[in-house]
Amino acid sequence: MPARKQKVVIVGAGIAGSLIAAGLKDRGDVELICLERVGTADHAEAGTGLNIGPNALKALDLHLPESAALIRANSLPWESWRISLTNGRTLMDLKLGSLAENSGIRIRWAELYSLLRTAVSPHVRYNAELVGCGRDESGPYVDWKDTITGAVERIGGIDLLIAGDGRYSLIRQFVLGEEEKPFFLGVCLYRVLFPAGPDCPLDDYAQWFNGANRLLAFRVPGDLIYCAGSFPIPAESGIPDEMKQREFLGRVYLPEEGEPSPEAAYLIDAIQRYADRIHWARLQDGSVAYGRERGILLVGDSAHPMVPTLGQGATQACEDACVVVDEIKAALDAGRPLADISERVEARRAERVRFVVQFSRDATDTMLAGADPVAGTLRKTEPEFQAKLKSLYCDVPLPAGAAA
Ligand SMILES: Cc1cc2nc3c(=O)[nH]c(=O)nc-3n(C[C@H](O)[C@H](O)[C@H](O)COP(=O)(O)OP(=O)(O)OC[C@H]3O[C@@H](n4cnc5c(N)ncnc54)[C@H](O)[C@@H]3O)c2cc1C
């Protein structure tokens with residue numbers, strides 16, 4: 001047994017970071033510190049919804065059942081995935097239960113953060129922004145700034161530093177250096193959350209295409225609709241200003257022939273009405289890396305930036321958290337040092353996550369410039385795609401030692 005408590009520092013109380021903290025919070029044999037840049041009342045992601053895949057819930061049921069129950073109790077089930085054209089022609093109507101063992105969920109991003117953070121609050125230092133990290137003779141260290149006072153402090157002698165600091169992770173930059181640029185797919189993805197209203201025709205997860213231009217929407221708790229719209233843009237440019245205008249948004253989903261379906265018409269009206277609330281982004285992904293540095297572990301988006309086409313970013317962050325907690329508990333129980341957890345997690349996670357990153361990129365085919373959504377969606381109803389989806393939804397990491 002190590003003579004002192006081992007020190008685990010988690011940077012970022014996002015999805016992966018909060019779940020890992022939840023899995024470790026009751027251990028008396030570890031010193032747990034979680035640094036989170038925002039304050040308790042931050043609403044930066046107020047305008048976003050998430051669909052989280054059945055695989056996240058299956059993994060959480062197995063590894064972190066209290067977190068699974070908390071998330072289910074505060075969300076709506078995700079049970080179907082319908083794809084149509086904006087003129088109303090249905091191309092795919094998939095019941096997730098035909099491939100998965102359980103449902104996924106639909107939730108507001110802000111609600112999910114709040115639930116997960118509240119459960120681990122005593123371990124989280126809010127308004128604590130990581131501003132630097134490195135390694136000295138006593139192991140990894142972090143420099144963090146109190147965003148209220150401006151004071152900077154160092155935490156050194158860390159046994160395991162966990163980077164849960166998301167897509168623009170400082171720790172990922174330290175670990176990978178300047179070697180990597182994100183890969184842009186040439187697609188603008190914007191998102192907006194708005195009140196459903198009395199005549200809303202929408203409920204579970206669905207998509208509507210007009211050429212490669214796509215609307216995606218579903219209902220989330222609070223009688224709100226989350227809409228993520230997209231259209232192709234030049235891969236190397238930002239989003240042209242003229243494409244952010246109401247007139248463009250009103251035009252780009254109108255079918256060339258016929259009227260928009262009631263659902264498409266509802267969304268086209270809503271995105272114009274709520275255009276000033278839209279968050280704009282571009283689809284991008286990057287390479288998979290968990291554990292290239294001893295004692296430093298990347299998780300969630302910092303380990304595997306991916307496109308959200310299959311709703312797998314947060315979903316894989318949940319799977320990561322399950323494996324990380326499993327590995328840390330096993331090491332603590334055996335009195336092993338935590339410095340090699342990063343290699344162990346890499347060994348258990350990298351192959352599956354490479355599959356998910358690639359599958360998510362491939363499934364984006366119908367959103368690229370010049371795509372044919374009819375042929376591309378029909379391919380998604382064929383056995384090859386459905387077998388991959390089944391593997392995605394079912395082949396979750398099992399607790400170490402469990403029979404496969
Ligand atoms: C438009 C869009 C739609 C998406 N839709 C889905 C979806 O439907 N389903 C799905 O599964 N995924 C979706 N995702 C992806 C998903 O949101 C992310 O994959 C997920 O949030 C990653 O979790 P994480 O824990 O790695 O990081 P995050 O949840 O991003 O958390 C990172 C945390 O680190 C904190 N932080 C960052 N930098 C610092 C710092 N320097 N110091 C201290 N703290 C810091 C942040 O404040 C935050 O709390 C979507 C993403 C986008 C952009």
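1. Things to note about the overall build of the chain
No. 1: A tally of helices and strands in the chain yields 11 helices and 18 strands.
No. 2: Radius of gyration (C-alpha) of the chain: 21 Å, near the 22 Å computed for a compact globule of 404 residues.
No. 3: If you line up the chain on its principal axes, its C-alpha atoms span 75 × 50 × 40 Å.
No. 4: Counting only carbon and sulfur atoms, one obtains 50% of the accessible surface of the chain, whose full area is about 16700 Å².
No. 5: Taking the average location of the 44 positive side-chain charges in the chain and that of its 55 negative ones, the two points are 2 Å from each other.

2. Looking at the pattern of salt bridges
Should the charged atoms of two oppositely charged side chains come close, the side chains can pair.
No. 1: Tallied over the full model, the rule gives 27 salt bridges.
No. 2: Among the ionic pairs, Arg-117 bridges to Glu-36, the shortest N-O distance being 3.8 Å. One end of the pair, Arg-117, is in helix 4 (residues 109-120); the other, Glu-36, is in the loop between strand 2 (30-35) and strand 3 (49-52), and 81 residues separate them in sequence. In this pair, the class of Arg-117 matches that of Glu-36, namely buried.
No. 3: A salt bridge links Glu-101 to Lys-58, with the shortest nitrogen-to-oxygen separation between them at 3.1 Å. In this pair, Glu-101 is assigned in the loop between strand 6 (90-95) and strand 7 (104-108) and Lys-58 in helix 2 (residues 54-63), connecting sequence segments 43 residues apart.
No. 4: Residue classification places Lys-58 among the buried positions, given a relative accessible area of 17%.
No. 5: Overlapping salt bridges bring together Asp-326, Glu-327, Asp-340, Arg-344 and Arg-348 as one network.

3. Remarks on the pairing of strand 12 (residues 160-163)
No. 1: Along strand 12, one buried face is formed by Leu-160 and Ile-162 and the opposite face, lined by Leu-161 and Ala-163, is buried too.
No. 2: Bridge count between strand 1 (residues 6-11) and strand 12: four bridges; the pairing is parallel. The residue of strand 12 that forms the bridge with Val-11 is Ala-163.
No. 3: Pairing of strand 12 with strand 18 (residues 296-298) involves three bridges; the strand directions are parallel. Residue Ile-162 lies in a different strand from strand 18, and its bridge partner there is Leu-297.

4. Points about the sheet that holds strand 1
No. 1: As summarised here, the arrangement of the five strands in space is 8-2-1-12-18, forming an open sheet in which the pairing is parallel. Only two strands of the sheet have a single partner each, and these edge strands are strand 8 (124-125) and strand 18.
No. 2: Inspection of the sheet shows strand 1 paired to strand 2 by six bridges, in the parallel sense. Across the sheet, the residue bridging to Lys-7 is Glu-31, located in strand 2.
No. 3: Those strands touched by helix 8 (residues 313-334) are strand 1, strand 2, strand 12 and strand 18, and its axis lies near 175° from that of strand 12.

5. Description of the sheet that holds strand 7
No. 1: Strand order in the open sheet formed by three strands is 3-7-4, and the pairing between neighbours is antiparallel. The open sheet is flanked by strand 3 and strand 4 (76-78), the only strands paired with a single partner. The average undirected angle you get between the axes of adjacent strands in this sheet is 30°.
No. 2: Relative to strand 7, strand 4 is paired through three bridges, and the arrangement is antiparallel.

6. Remarks on the side chain of Asp-320
No. 1: Assignment of secondary structure puts Asp-320 in helix 8.
No. 2: Within the structure, Asp-320 has its side chain in polar contact with the side chain of Tyr-290 (distance 2.6 Å).
No. 3: Residues within four places of Asp-320 in sequence aside, it is in contact with Tyr-290, Val-299, Gly-300, His-304, Arg-349 and Val-353.

7. Notes on the site of the ligand
No. 1: Taken together, the neighbourhood of the ligand is formed by 33 residues, with Glu-36, Asn-51, Tyr-113, Arg-117 and Asp-301 sitting nearest.
No. 2: Take Arg-37: an N or O atom from its main chain is 3.2 Å from a nitrogen atom of the ligand.
No. 3: Interatomic distance of 2.7 Å between a side-chain N/O atom of Tyr-113 and an oxygen atom of the ligand.
No. 4: When the free accessible area of the ligand is taken as 1000 Å², the share hidden by the protein chains comes to 90%.

8. Brief notes about the side chain of Ser-230
No. 1: Turning to its location among the elements, Ser-230 is positioned in strand 16 (residues 224-232).
No. 2: Since its relative accessible area comes to 0%, Ser-230 is described here as buried.
No. 3: Here Ser-230 is in contact with Val-187, Cys-188, Leu-189, Tyr-190, Ala-212, Asn-213, Arg-214, Tyr-253 and Met-367, once residues within four sequence places are set aside.

Rules used in this analysis
- The residue count restarts for each chain, going from 1 along the sequence in the order it is written.
- In keeping with the predicted nature of the model, local features appear solely for residues at pLDDT of at least 70, side-chain atom pairs appear and are counted solely at 80 or more, and the whole-chain, interface and lining totals rest on all residues.
- Derived side-chain values reflect all non-hydrogen atoms in the structure, with water molecules and hydrogen atoms excluded from consideration.
- Helix numbers and strand numbers start at the N terminus; a helix is a DSSP run of H or I with at least 4 residues, a strand a run of E with at least 2.
- Our radius of gyration is a C-alpha quantity, and the globule rule it is checked against amounts to 2.2 Å times the number of residues to the power 0.38.
- For the accessible areas, the method is Shrake-Rupley and the probe is 1.4 Å, while residue cover comes only from the protein chains on display.
- Neither His nor the chain ends is counted toward charge; the positive residues are Lys and Arg and the negative residues Asp and Glu.
- By convention, charge coordinates are those of NZ in Lys, CZ in Arg, CG in Asp, or CD in Glu.
- Every case where a carboxyl oxygen of Asp or Glu lies within 4 Å of a side-chain nitrogen of Lys or Arg is listed as a salt bridge.
- Any residue under 20% of the maximum accessible area for its type is buried, any over 50% is exposed, and the rest in between are partly exposed; the area is computed with a 1.4 Å probe on protein chains only.
- A pair of strands is labelled paired if DSSP reports no fewer than 2 bridges between them.
- In what follows, a contact means two residues having at least one pair of non-hydrogen atoms within 4.5 Å.
- Every axis in this analysis is a line fitted to C-alpha atoms, fitted for helices over the stretch in contact. Angles between the N-to-C directions lie between 0 and 180 degrees.
- Any pair of nitrogen or oxygen atoms within 3.5 Å is treated as a polar contact; in protein, a donor-acceptor pairing is required on top of that, and neighbouring residues in sequence qualify only through side-chain atoms on both sides.
- Note on definitions. A residue lies near a molecule or strand when any single heavy atom of the residue is within 4 Å of it.

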